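# Observations on chain architecture
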Amino acid sequence: MKLLITGSNGLLGQEIVADCIAQQIDFHAISSGENRNPTCPNTHYTSIDITDFIAVKSFFDVSSCSHIMHTAAMTNVDACESNQEACEKLNVTAVASLATLCQEFNIQLIHLSTDFIFDGADGPYTEDATPNPLSFYGQSKWKAEQAIVSSGCTYAILRTIIVYGVAAEMSRSNIVLWAKNALEKGETISVVNDQWRMPTLAEDLAAACLAAVQKEAQGVFNVSGKDLMNMLELVQQVANFWHLDKTLIQPINSASLNQAAKRPPKTGFVLAKAIAQLNYQPHSFVQGLALVDAQLKA
């Protein structure tokens with residue numbers, strides 16, 4: 001088995017690389033630009049634009065990988081709404097190309113998707129629920145799922161929700177680190193009180209990704225945290241854990257934000273399938289915060 005990891009500079013990609021090293025799994029990592037993951041040896045890294053089909057296919061010709069862990073994506077929801085061409089290119093066209101190559105080279109594709117393929121009217125959702133995305137980002141991820149299924153390749157699609165954790169030289173922050181850093185600086189922050197999610201620890205998601213590889217899992221799996229809360233409650237729990245001033249947290253409703261992209265009000269996942277078939281064992285949110293705290297101190 002040889003695993004190819006896309007998006008290896010990102011939070012999830014870095015966790016998967018670390019797990020591969022710990023478990024002595026043969027891997028190669030690709031991302032755009034230089035290797036920003038200090039855990040990943042440069043001998044195991046290649047800079048590739050995942051949207052360049054010719055470059056990707058040329059790499060496939062010589063890489064001899066058996067599985068692809070595709071974590072690379074455009075995930076800034078409002079940026080996807082305002083720059084739909086870039087979103088379509090990375091989140092749909094590149095995924096469809098990967099799926100085609102996986103079919104051609106007999107490679108299993110493990111792909112990351114999102115709760116934003118749903119409209120949030122009836123969460124938490126099972127894997128069989130009918131998607132109805134509200135944003136262009138959600139539409140792009142749903143179109144990618146459909147492209148994978150129609151390609152005929154062997155695949156596992158892991159849908160997840162708000163991934164948080166610690167990684168080196170992250171290009172984007174996440175809800176936990178953003179709230180912690182802002183409150184530590186004494187900044188007043190506005191947080192919506194009418195959107196419910198199940199935040200996902202990066203280590204938990206990485207473990208599920210590797211389990212999907214090792215168990216040759218096929219189909220769609222919900223993989224998120226197990227605690228459903230609204231975003232205001234999430235940030236309040238961050239403040240409680242690090243003993244920060246909760247009076248700095250100002251509750252607001254989604255309509256007052258005037259965001260470019262609509263968000264589903266209440267998502268969340270039923271996790272029974274991943275627990276049964278992938279032996280998925282997510283941490284509680286408080287346990288996840290404790291792990292983040294230990295990593296930051298280290």
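The following paragraphs examine the structure supplied in this document. (Residues numbered from 1 in each chain as written. Predicted model: local features only at pLDDT ≥ 70, side-chain atom pairs only at ≥ 80, totals over all residues. Heavy atoms only, no water.)

## Some details on the packing of aromatic side chains
Selection criterion: Pairing of aromatic rings covers Phe, Tyr and Trp, the last through its six-membered ring, and needs centres within 6.5 Å; plane angles under 30 degrees mean stacked, over 60 mean edge-to-face, and all others mean tilted. Counting from the N terminus, the helices are the DSSP runs of H or I reaching at least four residues and the strands are the DSSP runs of E reaching at least two. Only Lys NZ and Arg CZ are tested; either one counts as a charge over a ring when it is within 6 Å of the ring centre and within 35 degrees of the ring normal.
Taken as a whole and judged by the stated rule, the model has 5 aromatic pairs. Considering the side-chain rings of Phe 116 and Tyr 137, the 6.1 Å spacing of their centres and the 70° angle between planes classify their relative orientation as edge-to-face. Here the residue Phe 116 occupies a position in the loop between strand 5 (108-114) and helix 5 (136-151), and Tyr 137 occupies one in helix 5, the gap between them amounting to 21 residues. The ring of Trp 242 is capped by Lys 180, whose NZ or CZ atom sits 5.3 Å from the centre of that ring. Lying over the aromatic face of Phe 221, Lys 273 brings its terminal NZ or CZ to 4.6 Å of the ring centre.

## Thoughts on the side chain of Ser 135
Keep this limit in mind: Relative accessibility decides the category of a residue: with a 1.4 Å probe and only protein chains considered, values under 20% of the type maximum give buried, values over 50% give exposed, and everything between is partly exposed. Contact between two residues is taken to exist if any of their heavy atoms lie within 4.5 Å; hydrogens are not considered.
Along the chain, the position of Ser 135 falls in the loop between strand 5 and helix 5. The exposure class of Ser 135 is buried, given its relative accessible area of 1%. In this view, Ser 135 contacts Val 77, Glu 81, Phe 116, Ala 261 and Lys 262; residues no more than four positions away in its chain are not counted.

## Some points on the pattern of salt bridges
Heads up, the rule is: Salt bridge, as used here: a side-chain nitrogen of Lys or Arg that lies within 4 Å of a carboxyl oxygen of Asp or Glu.
Under the counting rule described, the total for this entry stands at 8 salt bridges. Across the pair Lys 143 and Glu 88 runs a salt bridge, and its minimum N-O distance is 2.9 Å. Residue Lys 143 is found in helix 5, and its partner Glu 88 is found in helix 4 (residues 84-105); the two are separated by 55 residues along the sequence. Salt-bridge contacts for Arg 159 lead to Glu 145; the nearest nitrogen and oxygen are separated by 2.7 Å.

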